[in-house]
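What follows is the residue order along each chain.
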Amino acid sequence: MRSPISSSIPHFTLRSIKSLKTLSSQPELPNIPISETPLSQNPHPNTNFPGKSAPTSQDSFLTQTQYIDTLLNHQNDPQSALSYFTWASQKRGLIKSVDALCVLLHILTKSTETCGKARNLLNRFASDDWGPVPSVVVARLIESSRRLDFESDSRVFNYLLNSYVKTKRINDAVDCFNSLIEKDIVPCLTVMNIFLSELVKNNMIREARDVYNKMASKGVKGDCATISVMIRASMREGKLEEAEGWFREAKNKGVELDARAYSIVIEAVCKKPDSVAALGLLREMRDKGWVPHEVIFTRVIGVCMKQGKMLEAVKVKGEMLSCGKPMNVVVATTLMKGYCKQGDLDSALELFDKMNENGICPNNVTYAVIIEWCCKNGNMDKAYEIYNQMKNKDISPTVFNVNSLIRGYLKARSPEEASKLFDEVVACGIANVFTYNSLLSWLCKEGKMSEACSIWEKMVRKGVRPSVVSYNNMILGHCQQGDMDSANGVFVEMLEKGLKPNLITYSVLMDGYFKKGDTEYAFGLYDRMRGENIVPSDFTCNIIINGLCKAGRTSESQDRLKKLVQEGFIPTCMTYNCIIDGFVKEGSVNSALAVYTEMCKIGVSPNVFTYTNLINGFCKSNNMDLALKVMDEMKNKGIELDVTVYCALIDGFCRKGDMVNASQLLSELQEVGLSPNKVVYSSMISGFRKLQNMEAALHLHKRMINEGIPCDLQIYTTLISGLLKEGKLLFASELYAEMLAKGIMPDLITYSVLIHGLCNKGQLENAQKILEDMDRKCMTPTVFIYNTLITGHFKEGNLQEAFRLHNEMLDKGLVPDDTTYDILVNGKVKDGNLFSGASSA
């Protein structure tokens, strides 16, 4: 078989050769002439080798010449030539000659019987790593073929390239390939595929592309194996689109692609991920009658699950089983996770049970998935059962499993179980910073800072280094309790430990200082945060706006909002709600309405909280018409009114004494499917009490009790006040007893109402008992209460008791007011307004 170069190289007889280069291991080799006498006329004097010594020449020049002459004399007997080459190469004093090797290779490849020996010879040559660089060997092979009139056989070049590949001399293989291409010699496709595969295995992707492109330039497009290798190359570089492109292009050009090529491209599209393409390719494989490998089924199921295609994944699993491929632990775990993500924990647990029944042993990942999702779904009994099952099967639980359980118990409000498990893993030494953070986060949010500090100390003592999250949890806990000194102390410690505060750190601290009213320090933190190139989030910006509004600096918050918008902040409905609420609380309803108009103008849609704030403002300013208009606008925009909106409107009408409209709104509230809460009933009862309609007030109280809504101290005080004013002392006494029986303790307002009511009806003795009850509970009466009792005794003519109460008042450190002296000096209350305060309760 001729190489592509053979037709262009003229054949020369040995007579025409003036010199032949003898090769050694040196980069620069001498030109050694060969005898001009044809070998056919000048046979080597000693042809009986091995066994006899080779003739000794006067110098190495003659030895190399004789060496090659002898090989040429045996060119018709390749085996004999090989034997002589082997003997001569081992003979002391003879230099290894690449020229001789090239001559022998040509001789061996002339016969199909000795081609394999040429291949083995080249493998040994490449393994010994002697001789010149591959480009020189290629040149010498071509030169010897031309000068010695050998018919150039492409097999010798294929063997040469393959020898470099086989002996892992990959860079030499690249040099060899480039030299062959330059000489217009194209290796066979089989060798090329082996070469390309080795390049990809060694991550020489750029070289692999170069080799392929040079092949293509010579008209060799490759076969299925070539395409498979190039797909792998693209995948190694993460070029998944390109990997799929190789496959599609080959398919369009009619390349016969096998199951391996399909498997490789399926792997590529699964990594993209592209479940549609993966399913299509899998279908094509099945249509061709191929049974995909178990791994391919597993990958396709995995990509379907990743893209939320549960139904398709289950179908592929069924196809896998129908092909005789058993379901493995990876497939089962993947499907379980898919069921869990869809909220179908029952199916996941059913599959988990089937795994055990079918002899598929769950692994760490399987247990991690099922335990985590049982915890997320609040099924802690099952989670702990599986956790114990895992331990019984001698599969050591990981800290991830334990952390899932601890978080689950805390979410399920079972801190005792979480704490027990926490102590267990701390004792085992597997608790990590995430374990501690789970417990710290819960304790801090619950305001249990003493326990949180104990956990913190244990963490440090055990050598677990707190993370930024750990510090953020502690800072949040202290801020929620308003303990900004402790929060700042944690922040300082964080800095001292070399940890860099993040956006959450600064946001939580700022929120804490804003709530404390220390806006200047909060803004100092904001400036520091910006100085550290931390970009504020929407959450941070809303903290600033809300903080200013809560501090009564709502107008300033508008100015700050403008600056934040210039810095890239996009206000949300919540932002504007904070400002509207701020203005409403400051009594600036018109300003609140202006903000509402502005937010609508720039395209921010109001929500139920926006309208509730506005309704609150209008109701408090006694502008019920505007409040009703806002309610109508909500309805027109399809925004459902909640209990809070109805409560604001009902309270507004009750304050105005308009119980007709208040009652109508109460009925409407129930008609739309809402249930009145304690605040609604409190407003209605207070409204009827002001109108002295205690019958209606008591009816609502009874209705509350029937609906299971507990009465609070304010409602009881209102009812008792109304009954006492109507002189219904018995009913008032019964309500008071009911209140005490429910464990609701009276406050100063309640005591004031009781004493005022009793004194007003001449029940001074009972009023005195109330005062004594206050003393037993270590509650100091107010000046108002003493004034009420002193007035009562003056009316009854008990002047001595009146002055005794005055002295008692002084003994308790109370300072009498003008009303007290008006009573004592004039025997009456100035303007007759002593009881106005109590009557409004």
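Starting afresh in each chain, residues are numbered from 1 along the sequence in its written order. Where totals are concerned, whole chains, interfaces and linings use all residues; where local detail is concerned, this predicted model gives features only for residues with pLDDT of at least 70, and gives and counts side-chain atom pairs only at 80 or more. Side-chain metrics in this entry use all non-hydrogen atoms of the structure; hydrogen atoms and water are not considered.

Q: So, the overall build of the chain: which residues are in play, and what are the values?
A: Along the chain, the regular secondary structure elements total 45 helices and 2 strands. Here the chain holds 841 residues, and the buried ones make up 49% of them. Residue pairs in contact within the chain that sit at least 24 positions apart in sequence constitute 62% of those at least 6 positions apart. All accessibility values rest on the Shrake-Rupley procedure with a 1.4 Å probe; residue burial counts only the protein chains present in the view. Carbon and sulfur atoms provide 50% of the accessible area of the chain, an area that totals close to 40,400 Å². Comment: elements are numbered from the N terminus, with helices defined as DSSP H or I runs of at least four residues and strands as E runs of at least two. Think of it in three bands: residues with accessible area under 20% of the maximum for their type are buried, residues over 50% are exposed, and the middle band is partly exposed, with areas taken using a 1.4 Å probe on protein chains only. Should any heavy atoms of two residues lie within 4.5 Å, those residues are considered in contact.

Q: Outline helix 8 (residues 189–201), listing residues and values.
A: With 13 residues, helix 8 extends 18 Å from end C-alpha to end C-alpha; this agrees with the ideal 18 Å at 1.5 Å per step. Among the residues of helix 8, those classed as buried are Val-191, Met-192, Asn-193, Phe-195, Leu-196, Glu-198, Leu-199 and Val-200. Buried residues along helix 8 sit against helix 6 (154–166), helix 7 (170–182), helix 9 (205–217) and helix 10 (224–236). Note on helix 8: the residue one or two positions beyond its end, Asn-203, has a positive phi of about 60°. By this rule, a helix spans an expected 1.5 Å times one less than how many residues it contains.

Q: Summarise the pattern of salt bridges; cite the residues concerned and give the values.
A: Think of a salt bridge as a Lys or Arg side-chain nitrogen and an Asp or Glu carboxyl oxygen that are within 4 Å of each other. Following the criterion strictly, the structure yields 45 salt bridges and no others. In this structure, Glu-143 engages Arg-147 in a salt bridge whose closest nitrogen and oxygen atoms are separated by 2.9 Å. You can see Glu-143 and its partner Arg-147 sitting in helix 5 (residues 134–147), 4 residues apart, about one turn around the helix. Residue classification places Glu-143 among the buried residues on the basis of a relative accessible area of 12%. On the accessibility criterion, Arg-147 (25% relative accessible area) is partly exposed. Notably, a salt bridge pairs Glu-249 with Lys-253, separated by 3.0 Å at the nearest N-O pair.

Q: Tell me about the packing of helix 14 (residues 294–306) against helix 16 (residues 329–341), and name the residues and values.
A: Helix axes use the C-alpha atoms of the stretch in contact, all axes being lines fitted to C-alpha atoms, and the angles between their N-to-C directions lie in the range 0 to 180 degrees. Between helix 14 and helix 16, whose axes approach to 10 Å, the crossing angle comes to 10°. Relative to helix 16, the element helix 14 lies roughly parallel. For the pair helix 14 and helix 16, contact is made by Thr-298, Ile-301, Gly-302 and Met-305 and by Val-330, Val-331, Thr-334, Leu-335, Gly-338 and Tyr-339, respectively. In this classification, Asp, Glu, Lys and Arg are treated as charged, Ala, Val, Leu, Ile, Met, Phe, Trp, Tyr, Cys and Pro as nonpolar, and every other residue, Gly included, as polar. The residue makeup of the contact of helix 14 with helix 16, split by class, is 6 nonpolar, 4 polar and no charged. Throughout this description, any angle smaller than 35 degrees is read as roughly parallel, any larger than 145 degrees as roughly antiparallel, any in the 65 to 115 degree range as roughly perpendicular, and the remainder as oblique.

Q: Help me get a handle on the nonpolar core, residues and values and all.
A: Among the nonpolar cores identified, the biggest contains 268 residues, and Leu-71, Phe-195, Val-300, Ile-370, Ile-615 and Met-684 are the most heavily contacted of them. Residue contacts for Phe-195: discarding those within four places in its chain leaves Leu-161, Val-165, Ala-173, Val-174, Phe-177 and Val-211. By nonpolar core we mean a set of buried residues, namely Ala, Val, Leu, Ile, Met, Phe, Trp, Tyr and Cys, connected to one another through side-chain atoms within 4.5 Å.

Q: An account of the environment of Arg-232 is requested, with residue identities and associated values reported.
A: As for its position among the elements, Arg-232 is in helix 10. Taking relative accessible area as the criterion, Arg-232 reaches 28% and is therefore assigned partly exposed. Measuring from C-alpha to C-alpha, the distance between Arg-232 and Glu-267 comes to 9.7 Å, with 35 residues separating the pair along the chain. With sequence-adjacent residues up to four places away left out, Arg-232 is seen in contact with Val-200, Ile-264 and Glu-267.

Q: Residue-level account of the confidence of the model for the chain, with values.
A: Confidence of the predictor at the level of single residues is captured by pLDDT, which takes values from 0 to 100. With 89% of its residues at a pLDDT of 70 or more, the chain shows a mean pLDDT of 85. Below a pLDDT of 50 lies the segment residues 1–62, which in the model reaches 121 contacts outside its immediate sequence neighbourhood of four places, other chains included.

Q: Any chance you could break down the state of the cysteines for me, citing the residues and the numbers?
A: Cysteine sulfur atoms are paired as a disulfide whenever they come within 2.5 Å of each other. For the coordinates displayed, the defined rule picks out 0 disulfides. With no disulfide of its own, Cys-600 lies 9.0 Å from the sulfur of Cys-573, the closest cysteine sulfur. Cys-600 sits in the partly exposed class, given a relative accessible area of 32%.

Q: Could you give an account of helix 24 (residues 468–480), naming the residues involved and the relevant values?
A: Over its 13 residues, helix 24 extends 18 Å from the first C-alpha to the last, a length consistent with the 18 Å expected when each residue adds 1.5 Å. Of all 13 residues in helix 24, 10 are buried; the element is thus mostly enclosed. Among the structural elements, helix 22 (433–445), helix 23 (449–461), helix 25 (484–496) and helix 26 (503–515) are those in contact with the buried residues of helix 24. Backbone geometry just downstream of helix 24 places Gly-482 in the positive-phi region, at approximately 75°.

Q: Let's hear about the environment of Pro-606: which residues, and what values?
A: Tracing the chain through its elements places Pro-606 in the loop between helix 31 (589–601) and helix 32 (608–620). Residues Pro-606 and Met-574 lie 32 residues apart in sequence; the distance between their C-alpha atoms is 8.9 Å. With near-sequence residues (within four places) excluded, Pro-606 lies in contact with Cys-573, Tyr-596, Met-599, Cys-600, Tyr-611, Lys-637 and Ile-639.

Q: A description of the packing of aromatic side chains should follow, citing residues and the corresponding values.
A: The pairing test for Phe, Tyr and Trp rings, Trp by its six-membered ring, is centres within 6.5 Å, and the orientation test on the planes gives stacked under 30 degrees, edge-to-face over 60, and tilted for anything in between. Inspection of every chain in the model, using the stated rule, returns 14 aromatic pairs. Note on Tyr-262 and Trp-290: the rings are 5.5 Å apart at their centroids and 65° apart in plane angle, and the pair reads as edge-to-face. Taken as a pair, Tyr-262 in helix 12 (residues 259–271) and Trp-290 in the loop between helix 13 (275–287) and helix 14 lie far apart in primary sequence, 28 residues in all. Take Trp-290: its relative accessible area is 24%, and that puts it in the partly exposed class. Chaining the aromatic ring pairs together yields one cluster made of Phe-247, Tyr-262 and Trp-290. Either the NZ atom of lysine or the CZ atom of arginine qualifies as a charge over a ring when it sits within 6 Å of the ring centre and within 35 degrees of the ring normal. Here the basic side chain of Arg-119 rests over the ring of Tyr-159, its NZ or CZ set 5.7 Å away from the ring centre. Its end group placed over the ring of Trp-373, Lys-376 keeps NZ or CZ at 4.3 Å from the ring centre.

Q: Account for the packing of helix 21 (residues 415–428) against helix 22, with residues named and values stated.
A: Two numbers describe how helix 21 lies on helix 22: the axes approach to 11 Å, and their chain directions differ by 155°. Taken together, the axes of helix 21 and helix 22 are roughly antiparallel relative to one another. Pair helix 21 / helix 22 crosses with left-handed handedness. For the pair helix 21 and helix 22, contact is made by Pro-415, Ala-418, Phe-422, Val-425 and Val-426 and by Thr-435, Tyr-436, Leu-439 and Trp-442, respectively. Looking at side-chain class alone, the contact of helix 21 with helix 22 contains 8 nonpolar, 1 polar and no charged residues. With the far helix as reference, a near helix turned anticlockwise by less than a right angle produces a left-handed crossing, and one turned clockwise produces a right-handed crossing.

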